[in-house]
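Residue strings, one per chain:
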There are 4 protein chains.
Amino acid sequence: MSTLIKQHLVVAQNASGRNMNVPLYRFVGEKPGPKVYIQSSIHGAEVQGNVVIYHLIQKLKSMPICGEVILVPNCNPVGTNIKAGEYTLGRFDPVNGTNWNRGYHFDQAFVEEFASSVTTSESIKSIKTRFRTAMKKQLQDKLNQDWGLGLAQRLNLMLQQLAFDADYVLDLHNGPVSTRHIYVPEYAQESASLFNIPHVILMPKVFSGALDEATFCPWWILKELLNQQFSKMIDFEVEAFTLEMGSQEVISFSEGEFDATSIMTFLTAKKVLKSEKLVPINMPRKAVKLKNYKVLYSKQGGIVEYMLKPGEFAAKGDVLARVLNVDNLDTNEATTDILAPCDLVAILHFPSASVLSGTQLYKCFTHYFEL
Amino acid sequence: MSTLIKQHLVVAQNASGRNMNVPLYRFVGEKPGPKVYIQSSIHGAEVQGNVVIYHLIQKLKSMPICGEVILVPNCNPVGTNIKAGEYTLGRFDPVNGTNWNRGYHFDQAFVEEFASSVTTSESIKSIKTRFRTAMKKQLQDKLNQDWGLGLAQRLNLMLQQLAFDADYVLDLHNGPVSTRHIYVPEYAQESASLFNIPHVILMPKVFSGALDEATFCPWWILKELLNQQFSKMIDFEVEAFTLEMGSQEVISFSEGEFDATSIMTFLTAKKVLKSEKLVPINMPRKAVKLKNYKVLYSKQGGIVEYMLKPGEFAAKGDVLARVLNVDNLDTNEATTDILAPCDLVAILHFPSASVLSGTQLYKCFTHYFEL
Amino acid sequence: MSTLIKQHLVVAQNASGRNMNVPLYRFVGEKPGPKVYIQSSIHGAEVQGNVVIYHLIQKLKSMPICGEVILVPNCNPVGTNIKAGEYTLGRFDPVNGTNWNRGYHFDQAFVEEFASSVTTSESIKSIKTRFRTAMKKQLQDKLNQDWGLGLAQRLNLMLQQLAFDADYVLDLHNGPVSTRHIYVPEYAQESASLFNIPHVILMPKVFSGALDEATFCPWWILKELLNQQFSKMIDFEVEAFTLEMGSQEVISFSEGEFDATSIMTFLTAKKVLKSEKLVPINMPRKAVKLKNYKVLYSKQGGIVEYMLKPGEFAAKGDVLARVLNVDNLDTNEATTDILAPCDLVAILHFPSASVLSGTQLYKCFTHYFEL
Amino acid sequence: MSTLIKQHLVVAQNASGRNMNVPLYRFVGEKPGPKVYIQSSIHGAEVQGNVVIYHLIQKLKSMPICGEVILVPNCNPVGTNIKAGEYTLGRFDPVNGTNWNRGYHFDQAFVEEFASSVTTSESIKSIKTRFRTAMKKQLQDKLNQDWGLGLAQRLNLMLQQLAFDADYVLDLHNGPVSTRHIYVPEYAQESASLFNIPHVILMPKVFSGALDEATFCPWWILKELLNQQFSKMIDFEVEAFTLEMGSQEVISFSEGEFDATSIMTFLTAKKVLKSEKLVPINMPRKAVKLKNYKVLYSKQGGIVEYMLKPGEFAAKGDVLARVLNVDNLDTNEATTDILAPCDLVAILHFPSASVLSGTQLYKCFTHYFEL
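Report follows, based on the coordinates. (Residues numbered from 1 in each chain as written. Chains lettered and ligands numbered in written order. Predicted model: local features only at pLDDT ≥ 70, side-chain atom pairs only at ≥ 80, totals over all residues. Heavy atoms only, no water.)

### Digging into unusual backbone geometry
A positive phi angle, close to 50°, is found at Glu237(A), a residue other than glycine. Mapped onto the secondary structure, Glu237(A) falls in the loop between helix H6 (211–230) and strand S11 (239–247). Phi is positive for Lys271(D), which is not a glycine, with a value near 70°. Along the polypeptide, Lys271(D) turns up in the loop between helix H6 (253–269) and strand S12 (286–289). (Helix = DSSP H or I, 4+ residues; strand = E, 2+ residues; numbered from the N terminus.)

### Examining the state of the cysteines
Defined simply, a disulfide is a covalent bond joining two cysteines at their sulfur atoms. On inspection of all chains with the given rule, the structure shows zero disulfides over all chains. Unpaired in terms of disulfides, Cys342(A) finds its nearest cysteine sulfur in Cys364(A), a separation of 7.7 Å. (Disulfide = S-S within 2.5 Å.)

### Let's talk about the relation of the copies chain B and chain D
Relative to chain D, chain B is turned by 180° and slid 0.0 Å along the rotation axis, the superposed coordinates differing by an RMSD of 0.0 Å. Both copies of the chain, as the preceding transformation shows, are related through a two-fold rotation axis. In terms of C-alpha distance to the rotation axis, chain B has Ile82(B) as its closest residue, with the C-alpha 3.3 Å off the axis. Here 100% of the interface residues in chain B have copies in chain D that are interface residues too; the copies meet face to matching face. (Least-squares fit on C-alpha atoms with pLDDT ≥ 70 in both. Contact = heavy atoms within 4.5 Å.)

### Concerning the side chain of Glu213(B)
All names here are of chain B. On the secondary structure map, Glu-213 appears in helix H5 (residues 211–230). For the buried residue Glu-213, which engages in no salt bridge, the nearest side chain bearing the opposite charge is Arg-102, 6.3 Å off. Engagement of the side chain of Glu-213 in a polar contact is seen with the backbone nitrogen of Ser-208, the distance being 2.7 Å. Polar contacts involving the side chain of Glu-213 include one to the main-chain amide nitrogen of Ala-210, which spans 3.1 Å. (Buried < 20%, exposed > 50% of the residue type's maximum accessible area, 1.4 Å probe, protein only. Lys, Arg positive; Asp, Glu negative; His and termini not counted. Salt bridge = Lys/Arg side-chain N within 4 Å of Asp/Glu carboxyl O. Polar contact = N/O pair within 3.5 Å; in protein donor to acceptor, adjacent residues only side chain to side chain.)

### A look at the sheet that holds strand S10 (residues 199–203) of chain B
All names here are of chain B. The strand order S1-S2-S4-S3-S7-S11-S9-S10-S12-S21 describes an open sheet built from 10 strands, whose pairing is mixed. At either end of the open sheet lies a strand with only one pairing partner, and these are strand S1 (3–13) and strand S21 (369–370). As paired strands, strand S2 (residues 19–28) and strand S4 (residues 66–72) are joined by four bridges and run antiparallel to one another. Counterpart to Tyr-25 in the pairing with S4 is Leu-71. Those strands touched by helix H4 (residues 151–163) are S1, S2, strand S3 (31–40), S4 and strand S7 (168–175), and its axis lies near 160° from that of S1. Where H5 meets the sheet, it contacts S3, S7, strand S9 (181–185), S10 and strand S11 (239–247), and its direction lies at approximately 160° from that of S11. (Pairing = 2+ DSSP bridges. Axes fitted to C-alpha atoms, helices over the stretch in contact; angles between N-to-C directions.)

### So, the packing of helix H3 (residues 124–144) of chain C against helix H4 (residues 151–163) of chain C
Residues and elements named next belong to chain C. At a minimum axis distance of 10 Å, the contact between H3 and H4 shows a crossing angle of 155°. The angle between the axes of H3 and H4 places the two elements in the roughly antiparallel class. H3 and H4 meet at a crossing whose hand is left-handed. When H3 is examined against H4, the residues Met-135, Lys-136, Leu-139, Gln-140, Lys-142 and Leu-143 are found in contact with a partner set consisting of Gln-153, Arg-154, Leu-157, Met-158, Gln-160 and Gln-161. Its residues assigned to classes, the contact of H3 with H4 shows five nonpolar, four polar and three charged. (Parallel < 35°, antiparallel > 145°, perpendicular 65-115°, else oblique. Left-handed = near helix turned anticlockwise from the far one by under 90°. Nonpolar A, V, L, I, M, F, W, Y, C, P; charged D, E, K, R; others polar.)

Next up, the structure:
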């Protein structure tokens, strides 16, 4: 059996001057193999991932592991604990609005410089080791800087130091009111079918601050640079995903077990686990390119019924939502229907019936295809 | 047909110096009859009542009315518009924590003084008219005071001025995650069965600031004082209810139509409307005394799955909820079950999976009975 | 020298399932004497009291003490840590609006029942001991109840258990933008002049949930009942005060030292400390009855300059504040002056220039007198 | 005299379905001249600019104007009205954390394409007119897009449509607790001395979403491209500034008059106004390059006294702030001093004494020079 080590990582101090830490569970396998990093709840209201990690830990305790699996549930002790009304204001720092999932580090120039240090004879293993060492040093330098660092960014960089060692990085999130979906870098499209998740967003090589991007962008770009340099096909076998495990603000132990099995199926395909039972479910999987994953904003303010449920299809012109205007309850203008601008599948919608104009009502798959 | 008059009532000014107003729809019937006052959304996230009023208005437009029906949807333009994260922080004033439904006025001494002004020969109609006039003057005096008035209280008193004219007052609310239920003053217990609402809370003659109490307490106490004074059985036929129309933060047009029909059924029984079809549904109705409507507080903080759904029964010792502790995911203490302290029916539960200790997890009927 | 014991008291758990605790510093004197209880920051943004306690601890370390002094800084680990924007939302529970200083316990019937248990021969010391024991048992019973307790109330009751043992209770607060002032029960008016605080509010025997009231009300009422019962003049020598140490959201170490000296002056007069230097400053002290401590609410919304500073006098009709209306910047109605309704001294004003109608603009002494 | 036109511009709808609008005051001069655009309070708690615009309007009413001056006070009706506790949460959208001053539009490719359309013979006037038309069409296309637009971005783009017509754009802000300072594009360094503002930040040609950048970046880049293309020195005489008028959450009418005079001095130098009295004050003006305007983050959480006041100098190693740790009040570690990492002038500091680790404690001029 593998060894389980439990630690706590101090990532911040609160206004009482007390340390805030995240729990860290590390399974070290008896046999060598890939490293896996799984975290949950960087957005404080997106808590289902903690249940998924609970089931993973309970199951991994009795399974042989090749390599290493690090699990970091509840990885944002600040965001988890900010209540505003009954809900958790966990998506951004309440002091300055910083999204907790946008402060990871990526520096294209650094990757380019590193690429130029690689020689044609260097082994993939050596490149990976050196790249990780250099990257973690860069992260540490940022963490050490004299003038300090913002709260969200420090948290992100400390987690990234752990994650950058891994070959497979899974960041567990939830949508607002949402069906299950997963963000997959385009080069790892085949891995999308290893999870039991029906909706897949294919990500280009663009960094906008999130952990998955901060993981796959450096390796992706390094691979391309080296392949150009040496005219061959290096593959680092590093992949990173953001998994959206249904809706925020709710947990379900039974769904968490299903999600854990889905992740173990992926890990089995990647040879971290061994099990004949853990094969992907035969299910339809719809995919889009990121640019076709569209946000529909409300043009009006008012009270909204979301008619189209997450996972459902609407044809162009179908009613997605109905808005009530309290000043016209006696007229034909009491309600307004919001129509689908094109054929689409709703992936998630806003979690409140009360919206201002300019609210993200729906996020939708358009021009999607079957994987 | 009745006449429909639409007005707007200025109740506050915002920080831009602009007036904030509430819409007011007044149906004046051709024939005399009782006055009815219905408002919704004094708590800004509790928006289903607006849909109910929408359906009421659409239906009343084509029905004969005896008396008068005033409908005030979205009666709190401040609370409706306070977002904190994606949700509406509509239950209390964000500046000072004042619950928007606790600033109505009731003054026992005033009722006692009024009672002593009634003579044995005065007609009920005359008493009602004089009492309303005196009460509204008292409200106006409070509104006019030199040093001003708090935001919530001014809003409450302005609405109360409208409501105190009515014989039937319905205040439309929602629970957090909730089954439908209704607060009914004990003396009006028979009216509970006129609504199609399965759970009934019977209220004693105690004022804690809400509109229903501010309506029924004065009449209840006046009735008792006069009945003592004159040793007879006066009945003012004034009733007030708080209707909880399911869960906050969501609306449903189809459920709103059901709720509107339920209210019209009540109005038919009270002779405001005439319809042979509008009779109460034959359904089980559970009732409790207010003191047996109990709050279960969490003893721990953590992430919670609410196993018992609103409307469901649990026997003493059954699991109500399961709490996950992220620091013990590898042990048997990873989860803790919260058990029912006695036989109960869950009416509502907290709307977020993330709770601190001391959170209102559930509100439950205990020692309930069938109506 | 006295002995200093440091402890931590667990008062809550956060949503991560971690304990939240308050620090507790207990000086046990070599000689017997009164017990003193001092806490700060039950309202999380009112932090100057922590600095005052810091100076007290640093000074008391080297002074002989008669009796015992318990100091509980930062006594609300929840409220201290809720940011909403850059400021601390520390005045009420962000989940439900409950004021953190309104959940203390007082039960008139309990005091009356206890009074009837006292015999004419019982010593004051015995009465005090028995009353404290009974009261703390009542608090413990509330804390232990099956269905649990709300977060704020649990915190309050746990602190009250500590405070009810004390003869002198000091609750350190701040106003919004505020001059120093102190709440003093009417029976302890003479003690007001032992502090170096220029503004004094004299409190009647009314309980509205705060710690000072929860301390002095039971003793005051018990005293009156017993004095009626036995026609004599018992005095328990228990006093409780709320000290408002200037403005919230700022601290000053130098002002904190001044405040600490003021408290030590009081403790010297009460024979807890011995020092010839610690005598009250000869200064004017203005006092009002609570009913003459008036709130001025804004009638308009807009942007406000507070012309009258805390501590300053205005005659009836003087300009207190000027409101800007952005829709009329080109007219004579661009600004509106808010005038003093009567002669007054401003004690505090609202801390933001942006106000809705119904905002507490100023709190003022009216009909005040020199102590 | 000039003509004053007052309008209101609808920029959003709130959750009640009501329009939210901004006031717009437009002075059209009798003689031709530059266009000026001045807005205030895009960050809702930064309200002093409204007072400045009030004074400007009152003064401009009686002055001849060459050209046109558009004044848009309180330009964010959403952000102005979000209270969280007593303060205004006006810096970002409370729903999603979007900074209200980061959604303006800039598209380098668009500028490059436009540059290639310019011929060597085209007049500056013609280029300016065509560029403005093209840019405003681009803004309108964004505003019209089928899937809608986020709240902050729509507001920003609507204001930018007004601003892009102007030759001089002034965006009035406040810092948290702040001395007056101004952001000036490097090419307009000489204009910095036309304002009576002691601290100047020189901005490079980088766009990060703010209005000043969205104004000067297109013109700056267009100028450089054309100067390269035609090897001459075109100057469009378009300048944009962000003025920080002291601290947020307070207004002062007298300081507002000083600030208005400062802006009128600038406008006089730019020939919009004519006055011999309106000349810049002879005062020291310190300037830094943006990269030397540094943020100092707290490394600890705790309660802080800001020792160094905005505008004050500290030498390397001087104490800037002192942090209190409530768990060590009895030891030498009760307080920790935060030292200046190098010689600096404090420009602003955080407005609350309670900080988490990673809080922006100070923003400082380093390596500054006299203008």
